[in-house]
Each structure stands twice: as C-alpha cells, then as structure tokens.
Amino acid sequence: MANITRIKASDEVKKKKVEKPKKVEKQPKAEKPAKKPEKEGKKVFILFRPFVALGRYLRDSWREIRQVRWPNRKATWKMVFAVLVYTALFVLIISLLDLFFTWLFSLIIK
C-alpha cells in the first residue's frame, strides 16, 4: 500500500510576506507578416444565396460531426438494451392504466 501524507497549511505560511514577482524584460519579438484584411462576406448574387448558405451549413455540420466522440460497440449495445427495457416497462405501465380506466369507465357507464 502507498503511504499517504496529509499536508496542512500552517499559520506560518499565511503570515509570510508575499513577494512581488520580479519584472522580466521582454525580448523584442520577430516581426510578423502584415495581417490580411478580414473578409467581409462576399456579395453573392441573390439567386445563389440559398446555395451558399446550404454549403456553409453542410461544411459546419461536417466539422461538428468530426468532433463527436462516438461510443464503442459494447457501450452501444448497453444503451440499446436499456432503451428496450425502458420501452417494455412503459408499454406495460400504459397498458395496465388503459385496462384500469376501461374497467372504471365501464362500471360508471353501466
């Protein structure tokens, strides 16, 4: 077994004067190439706008799908069986309620 040591903060640590960090001189950075001006949405002919929007939607959707962490086969089957069990339970509960209310209304009507 590993030996675990508990460390507690003491009053001495709290009373110590906090030293200010020393200023570090910054070295001059290498010059970066001038940034290109940001693209302002290109003007597109009005008939093509829906197609451009659809293209952007598909591109962004594909980027999101690539970021999804898909479950492995074992986890997928566990979830499938869980859904089937819950579905069976709710079918049973709703069927019992339906039978009960059918019986109750038949008593009231007769």
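Residues numbered from 1 in each chain as written. Predicted model: local features only at pLDDT ≥ 70, side-chain atom pairs only at ≥ 80, totals over all residues. Heavy atoms only, no water.

> Hey, could you run me through the overall build of the protein in this one?
Helix and strand counts for the protein stand at three helices and zero strands. Counting across all 110 residues of the protein, residues that qualify as buried make up 0%. Accessible surface computed for the protein: about 13200 Å², of which carbon and sulfur atoms make up 64%. (Helix = DSSP H or I, 4+ residues; strand = E, 2+ residues; numbered from the N terminus. Buried < 20%, exposed > 50% of the residue type's maximum accessible area, 1.4 Å probe, protein only. Areas by Shrake-Rupley, 256 points an atom, 1.4 Å probe, with all protein chains shown as cover.)

> I tried to follow the packing of aromatic side chains on my own but got confused; where do I start?
All told, the structure shown has four aromatic pairs when counted by the stated rule. With centroids separated by 5.3 Å and ring planes inclined at 65°, the aromatic side chains of Phe100 and Phe101 adopt a geometry described as edge-to-face. A relative accessible area of 39% means that Phe101 is categorised as partly exposed. Residues Phe100 and Trp103 carry aromatic rings whose centres are separated by 6.3 Å and whose planes lie at 40° to one another, so their mutual orientation is tilted. (Phe/Tyr/Trp six-rings, centres within 6.5 Å; stacked < 30°, edge-to-face > 60°.)

> What is the right way to read the pattern of salt bridges from this model?
Side chains bearing opposite charge may pair, as long as their charged atoms lie close to each other. Here the structure, examined in full by the defined rule, presents two salt bridges. Linking Arg59 and Asp60 is a salt bridge whose minimum nitrogen-to-oxygen distance equals 3.5 Å. The class of Arg59 is partly exposed, set by a relative accessible area of 41%. Residue classification places Asp60 among the partly exposed positions, given a relative accessible area of 36%. For Arg63, the salt bridge is made with Asp60, and the minimal N-O distance between the two is 3.9 Å. With Arg63 and Asp60 both in helix 2 (residues 49-67) and three residues apart, this pair spans about one turn of that helix. Relative accessible area serves as the criterion here: at 43%, Arg63 is assigned to the partly exposed category. Connected through salt bridges with shared partners, the residues Arg59, Asp60 and Arg63 form a single ionic network. (Salt bridge = Lys/Arg side-chain N within 4 Å of Asp/Glu carboxyl O.)

> Where do I start with the confidence of the model for the protein in this structure?
Fine structural detail should not be taken from predicted coordinates in areas where pLDDT scores are low. Scored by pLDDT, the protein comes out at a mean of 81, with 65% of its residues at no less than 70. The secondary-structure element of the protein with the lowest mean pLDDT is helix 1 (residues 11-15), recorded at 53, while helix 3 (residues 73-109) shows the highest, at 97. (pLDDT = per-residue confidence, 0-100.)

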